[in-house]
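Single-letter residue listing:
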Amino acid sequence: MLEKVKELLEESLQINPDEITMKSELVGDLGINSLELADLVVLCEERYGIEIEEQDVHSLLSVGDLVEYIESKR
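Predicted, not measured: the structure shown is a model, and the values here were computed from it.

Engineer: Give a description of the nonpolar core that names residues and reports values.
Structural biologist: A general tendency of soluble globular proteins is for nonpolar side chains to be buried together. Leu9, Leu30, Ile32, Leu40, Cys44, Ile52 and Val63 are the most contacted members of the largest nonpolar core, which totals 23 residues. Elements that contribute at least two residues to this core include exactly α1 (2-13), α2 (34-48) and α4 (63-73). For Leu30, the contacting residues outside a window of four places in its chain are Leu9, Ile15, Glu19, Ile20, Ser24, Glu25 and Val63.

Engineer: Tell me about the packing of α1 against α4, residues and numbers included.
Structural biologist: At their nearest, the axes of α1 and α4 sit 10 Å apart, and the two run at 120° to each other. In the packing of α1 onto α4, the handedness of the crossing is right-handed. Facing α1, whose interface residues are Leu2, Val5 and Leu9, α4 presents Val63, Leu66, Val67 and Ile70. Here the residues of the contact of α1 with α4 sort into seven nonpolar, no polar and no charged.

Engineer: Pulling in residues and values, what's your account of the confidence of the model for the protein chain?
Structural biologist: Summary statistics for the protein chain give a mean pLDDT of 96 and a share of 100% for residues scoring 70 or more. The secondary structure element of the protein chain with the lowest average pLDDT is helix α3 (residues 54-57), at 94, and the one with the highest is α4, at 97.

Engineer: A description of the pattern of salt bridges should follow, citing residues and the corresponding values.
Structural biologist: If you walk through the whole model with that rule in mind, you get two salt bridges. The salt bridge involving Lys6 is made with Glu3; its shortest N-O contact spans 3.8 Å. Here Lys6 and its partner Glu3 are both found in helix α1, three residues apart, which amounts to about one turn of the helix. Of the residues examined, Lys6 reaches a relative accessible area of 17% and is grouped as buried. Glu11 is paired through a salt bridge with Arg47; the nearest N and O atoms lie 2.9 Å apart.

Engineer: Mind laying out the packing of α1 against α2, listing which residues take part and the relevant values?
Structural biologist: Where α1 meets α2, the axes come as close as 11 Å, and the angle between the chain directions of the two elements is 130°. In terms of orientation, α1 and α2 fall into the oblique class. As α1 packs across α2, the resulting crossing turns out to be right-handed. Here Lys4, Val5, Leu8, Leu9, Glu11, Ser12 and Leu13 of α1 come into contact with α2, specifically with Glu36, Leu40, Leu43, Cys44, Arg47 and Tyr48. Grouping the amino acids of the contact of α1 with α2 by side-chain chemistry returns eight nonpolar, one polar and four charged.

About the criteria used
- Residues numbered from 1 in each chain as written.
- Predicted model: local features only at pLDDT ≥ 70, side-chain atom pairs only at ≥ 80, totals over all residues.
- Heavy atoms only, no water.
- Core = buried A, V, L, I, M, F, W, Y, C linked by side-chain atoms within 4.5 Å.
- Buried < 20%, exposed > 50% of the residue type's maximum accessible area, 1.4 Å probe, protein only.
- Helix = DSSP H or I, 4+ residues; strand = E, 2+ residues; numbered from the N terminus.
- Contact = heavy atoms within 4.5 Å.
- Axes fitted to C-alpha atoms, helices over the stretch in contact; angles between N-to-C directions.
- Left-handed = near helix turned anticlockwise from the far one by under 90°.
- Nonpolar A, V, L, I, M, F, W, Y, C, P; charged D, E, K, R; others polar.
- pLDDT = per-residue confidence, 0-100.
- Salt bridge = Lys/Arg side-chain N within 4 Å of Asp/Glu carboxyl O.
- Parallel < 35°, antiparallel > 145°, perpendicular 65-115°, else oblique.

Put into structure tokens, the structure is as follows:
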């Protein structure tokens, strides 16, 4: 799943996949702003057929958090 999330971040936000690890913070390390985070949530929902609850978005701080959340919903 990490590789799939890396591809998504590279495609949608032009983030270098070499910079993306499970510990990478979405905002702090990758520089994702709130609008980009909202777009990322929608893309994940569409691509992986899941629903990310609004209250859960605030707990998705790192790439690892996002990967684990997607895996738990699939």
